[in-house]
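Commentary on secondary and tertiary structure
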Amino acid sequence: MSPSHCVLVTGGAGYIGSHTVLQLLLTGYKTVVIDNFDNSCQIAVNRVQELAGDRAVNLIFHQIDIRDKAELKKLFASTKFDAVIHFAGLKAVGESVQKPLMYYDNNVVGTLTLLEVMEAHGCKKIVFSSSATVYGWPKVLPCTEDFPLSAASPYGRTKLMVEDIFRDIYASDSGWKMIMLRYFNPVGAHPSGYIGEDPLGSPNNLMPFIQQVAVGKLPALKVFGTDYSTKDGTGVRDYIHVSDLANGHLAALRKLSDPEIGCEAYNLGTGKGTSVLEMVAAFEKVSGKKIPLVISGRRPGDAEVVYASTAKAERDLNWKAENGIEEMCRDQWNWASKNPYGYQSK
Ligand code: NAD
Ligand code: UDP
């Protein structure tokens, strides 16, 4: 896959999608984005265009739901795509427990619809947003891609189901090239502070919570559990800068041109574990803001420690995360302080 190629990006207006689309444009790819704006907005697309400068001419946006087969067929009939990067999906673990049908419909049925249309148009190269959640509660660390897979929520099961669907499709037709990227914990924002994460509704993840406390939208951060067997008793995760994650997608796209690639999973993480309290301290340091804490009980379903083995991605994709916790917090704060209300004005 080289920059003259045309890539379809589903969910490209979202957090990780917008950063990846910008990288694609800056590298020279023609990029078609589809999104239904379920958890994003037009302003994000406009800002990516602005950041892309002259390269913005290579971006086309359509407001399409991936479950709308008729619209997808029209799109594939009008444009020849060399590959698809598939981000579109719902991602809130708690909401998936409340509304499993909505999650299975969006994440599983949506992906099936996309795959059917791709196959009908002879487009058989795809990069998919999977998640470290498919490792469940890892018993040993770091997580390697050959670990047994499990899921602890309907959201996690949708990721696992889609991975299984990929493996079945590839087993039936080795003409497909399918890369499943298992993201660890994406945080941070583009260094310009012009695009970043803007979850509609209340946040679910640690960093957006810290951010909302820092800008005064929430009074304190609840720390979910201080009795884990970790360095300071709080949960440990592998946080990865969204710019590194975006670059991981470009590395995966290049890998799709490798005649040897079939259906493969790769971890995208840093290989380093950071506790909740370490993350708070790093954020306080770069922002100069005090983050008040409320010690709360463990969040049901939470794993104690999760971090990635990065060896396979380094070896096969020639990709490695470059940013540390300080850069992640610096860029998160830069985005948050410039956009305290996200993409909307107050
Ligand atoms: P996001 O919500 O910011 O982006 C997802 C985008 O998909 C949104 O713009 C949303 O409007 C769009 N979308 C949702 N359903 C759609 C549909 N049916 N048709 C068209 N567009 C649709 O989330 P994100 O953080 O950028 O995550 C992107 C992908 O990565 C998701 O599949 C998510 O499950 C996965 N992932 C995210 C994380 C994380 O912590 N952010 C971790 C692991 C995996
Ligand atoms: N966490 C927390 N307070 C919050 C949100 C998260 O203490 O308001 C903790 C959570 O228990 C976990 C870590 O932060 O140890 C990362 O949580 P997140 O939901 O961001 O990621 P995930 O658990 O899905 O990996």
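Scroll up to find the structure this text is about.
Keep in mind that this is a model prediction, so the values were computed, not measured.

Another aspect to go through is the overall build of the protein. Assigned secondary structure in the protein consists of 11 helices and 13 strands. With the principal axes as the frame, the protein shows a C-alpha extent of 55 × 45 × 40 Å. Split into buried and exposed, the 346 residues of the protein put 54% on the buried side. Of the contacts formed within the protein by residues at least 6 apart in sequence, a portion of 82% connects residues at least 24 apart. For the protein, the exposed surface amounts to about 14600 Å²; the carbon and sulfur share of it is 51%.

All right, on to the layout of surface pockets then. Estimated volume of the second largest pocket: approximately 280 Å³. What lines the second largest pocket is a set of 18 residues, among which N39, A92, E95, L200 and N204 lie closest to the centre. In the lining of the second largest pocket, the residues fall into 8 nonpolar, 6 polar and 4 charged.

Take the environment of G14 next. With respect to the element layout, G14 can be found in the loop between strand 1 (6–10) and helix 1 (15–27). For G14 and G196, which are 182 residues apart along the polypeptide, the C-alpha to C-alpha distance reads 8.9 Å. Apart from residues no more than four positions distant in its own chain, G14 is found in contact with D35 and S40.

Criteria and thresholds
- Residues numbered from 1 in each chain as written.
- Chains lettered and ligands numbered in written order.
- Predicted model: local features only at pLDDT ≥ 70, side-chain atom pairs only at ≥ 80, totals over all residues.
- Heavy atoms only, no water.
- Helix = DSSP H or I, 4+ residues; strand = E, 2+ residues; numbered from the N terminus.
- Buried < 20%, exposed > 50% of the residue type's maximum accessible area, 1.4 Å probe, protein only.
- Contact = heavy atoms within 4.5 Å.
- Areas by Shrake-Rupley, 256 points an atom, 1.4 Å probe, with all protein chains shown as cover.
- 1 Å grid on protein atoms, 1.4 Å probe; cavity = no way out; pocket = protein on both sides within 12 Å on 5 of 7 lines; lining within 4 Å.
- Points joined across faces, edges and corners; volume = space filled by probe spheres on them.
- Nonpolar A, V, L, I, M, F, W, Y, C, P; charged D, E, K, R; others polar.

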